[in-house]
Amino acid sequence: MSEISTALESQYAELRAKNLSLDLTRGKPSPAQLDLSHALLTLPGEGDYRDAAGTDLRNYGGPDGLIELRQIFSELLVIPVDQLLAAGNASLAIMHDVIVTALLHGVSGSVGPWRDAPGLSFLCPVPGYDRHFAICEALGIRMIPVPCVDGRLDLDTIRRLVAADAGIRGMWAVPMYANPTGTSFSVEEIEALVRMPTAAPDFRLFWDNAYAVHHLTDDEPVVIDVLAAAEAAGTPDRPFVFASTSKITYPGAGIAFFGASPSNIAWRKHHTAVQTIGPDKINQLRHVRMLGDAEGVRRLMRAHRAIVEPRFAAVLEILESRLSGVATWTTPTGGYFVSLDVPHGAASAAVALAGQIGVAVTPAGSSFPYGDDPDDTNIRIAPTFPSQADLESAIDALCTCVLLAVERMSAE
Ligand SMILES: Cc1ncc(COP(=O)(O)O)c(C=O)c1O
């Protein structure tokens, strides 16, 4: 055994002896971040249950969601207020429901239900968000991975595939601070996506703007208006926009949004009218009372940043000091994740080694359709939830596991 191997094996044994119990898996806000929205627990408060128009929000009705809340997020998401619905607590549920509706009924402009489309498939830029892929897998939609090139969309491949295959009806897209790479689309990329000719007339971009206001630096870019770009390109119905307050206020007790062209909104409302007589408007009112206006959201997000920025900085610093020259990683300017690429073939071994010493890391491959990272290279790191001290120990331990996995591989 080489000296390096011996040193790494003994570092690993020391870590094992510590009986660690650390978790780097899910991108959840930390308790300190949740405390920022503490006021929600007592709002709207005794006797406060009417909107500005005087409507009693305790009752059924208001299928579009509270106008005051939609106005706030209309400004932040850059979507006209009458093209933005405020719904339940999870944008993933809307994505799932939109796809189920498309499978059963088609979307506006479809010739029939998507389930009847031969070779029904979605394009999946990778690495991407595991839960997007889980929806497709659960609903039997074939996924076509499109690897990003130097962190950017491979537009040539995307254009070629959608132009040739009418079975491709959708593409997942996280336009800002993507999960897990942290990259944001440029105006040129967005214009290419709304302009590209598609063999399917009812092709949709599943535009998940989950991190639109989640900046990590002083640069706070405004959202690029995909609906206006699509309108200008003559494809107004192409984008379905999703967002939520999950990582603004409370995941699980926040508000989710759906934005789209007028005809898509009409399509969505036609189908949701069968499901529900209206969303939880009291929760929406609670949010209006706490957030106030778009500037209130921006202020809140800066308070989030003050908590999470040091965590991201610590992750990057430890990666730099321990894995420089061995692995590469992203330096996100927003969002919730750092994406680490280790030498090919080492990711699952490193994650398994981490698991054996009590450091839970998202399974290698989860950022790929069917959990299949063909190069076994990508590891997603979620820095927000653990305490700073736990995070630092966990990343340091993960680095040891990566180095040990690489060392063992080269010894084979
Ligand atoms: C890209 C992306 N979209 C959606 C979600 C979940 O959103 P919601 O809580 O609104 O369902 C997440 C959570 O990690 C995410 O990373």
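This text follows the structure it describes.
Notes on the structure follow. (Residues numbered from 1 in each chain as written. Predicted model: local features only at pLDDT ≥ 70, side-chain atom pairs only at ≥ 80, totals over all residues. Heavy atoms only, no water.)

## Things to note about the sheet that holds strand E7 (residues 239-244)
Here's step 1: The mixed open sheet is built from 7 strands, whose spatial order is E2-E8-E7-E6-E5-E3-E4. The two strands at the open ends of the sheet, each matched to only one other strand, are strand E2 (84-86) and strand E4 (142-147). Within the sheet, the average angular offset between the axes of one strand and its neighbour, ignoring direction, is 20°.
Here's step 2: Lying on the sheet, helix H3 (residues 67-77) is in contact with E2, E7 and strand E8 (256-259); it crosses E2 at an angle near 130°. (Pairing = 2+ DSSP bridges. Helix = DSSP H or I, 4+ residues; strand = E, 2+ residues; numbered from the N terminus. Axes fitted to C-alpha atoms, helices over the stretch in contact; angles between N-to-C directions. Contact = heavy atoms within 4.5 Å.)

## So, the pattern of salt bridges
Here's step 1: Summed over the entire model, instances satisfying the criterion amount to 18 salt bridges.
Here's step 2: For Asp396, the salt bridge is made with Arg322, and the minimal N-O distance between the two is 3.1 Å. On the criterion of sequence distance, the pair formed by Asp396 in helix H13 (residues 388-411) and Arg322 in helix H11 (residues 294-323) is long-range, its members being 74 residues apart.
Here's step 3: One salt-bridge network, in which partners are shared between bridges, spans Glu75, Glu220, Glu295, Arg298 and Arg302. (Salt bridge = Lys/Arg side-chain N within 4 Å of Asp/Glu carboxyl O.)

## Quick word on the side chain of His304
Here's step 1: Looking at where His304 falls in the secondary structure, it is placed in helix H11.
Here's step 2: Its relative accessible area of 3% is what places His304 among the buried residues.
Here's step 3: Here Ile248 takes part through its backbone oxygen, which lies 2.8 Å from a polar atom of the side chain of His304.
Here's step 4: Here His304 is in contact with Gln33, Leu36, Lys247 and Ile248, once residues within four sequence places are set aside. (Buried < 20%, exposed > 50% of the residue type's maximum accessible area, 1.4 Å probe, protein only. Polar contact = N/O pair within 3.5 Å; in protein donor to acceptor, adjacent residues only side chain to side chain.)

## Some words on the site of the ligand
Here's step 1: Close to the ligand lie Ala90, Ser91, Leu92, Tyr129, Val174, Asn179, Asp208, Ala210, Tyr211, Ser244, Ser246 and Lys247, which account for all nearby residues.
Here's step 2: The separation between an oxygen atom of the ligand and a polar side-chain atom of Tyr129 is 3.4 Å.
Here's step 3: Coverage of the ligand by the protein chains reaches 89% of its 400 Å² of free accessible surface.
Here's step 4: If you map the ligand onto the pockets, it falls in the largest pocket. (Near = heavy atom within 4 Å. Areas by Shrake-Rupley, 256 points an atom, 1.4 Å probe, with all protein chains shown as cover. 1 Å grid on protein atoms, 1.4 Å probe; cavity = no way out; pocket = protein on both sides within 12 Å on 5 of 7 lines; lining within 4 Å. Sits in = over half its atoms within 2 Å of the grid points.)

## Side note on the environment of Arg268
Here's step 1: By the secondary structure assignment, Arg268 is in helix H9 (residues 262-275).
Here's step 2: Spatially, the C-alpha atom of Arg268 lies 8.9 Å from that of Val107, the residues being 161 residues apart in sequence.

## Quick look at the packing of aromatic side chains
Here's step 1: Following the criterion strictly, the structure yields 15 aromatic pairs and no others.
Here's step 2: For the ring pair Trp114 and Phe122, a centre distance of 6.1 Å and an interplane angle of 75° mean the geometry is edge-to-face. Assigned by exposure class, Trp114 and Phe122 land together as buried.
Here's step 3: Consider the rings of Trp114 and Phe206, whose centres lie 6.5 Å apart with planes at 70°: the pair is edge-to-face. Pair noted here: Trp114 is in the loop between helix H4 (91-105) and strand E3 (121-126) and Phe206 is in strand E6 (residues 204-208), with a separation of 92 residues, a long-range link. Each member of the pair Trp114 and Phe206 is classed as buried.
Here's step 4: In textbook terms, an aromatic cluster arises when at least three aromatic residues are bridged by ring pairs, as seen for Trp114, Phe122, Trp172, Phe206, Phe240, Phe242, Phe258 and Trp267.
Here's step 5: We note Arg268 situated over the ring of Phe258; from NZ or CZ to the ring centre the distance is 5.8 Å. (Phe/Tyr/Trp six-rings, centres within 6.5 Å; stacked < 30°, edge-to-face > 60°. Lys NZ or Arg CZ within 6 Å of the ring centre and 35° of its normal.)

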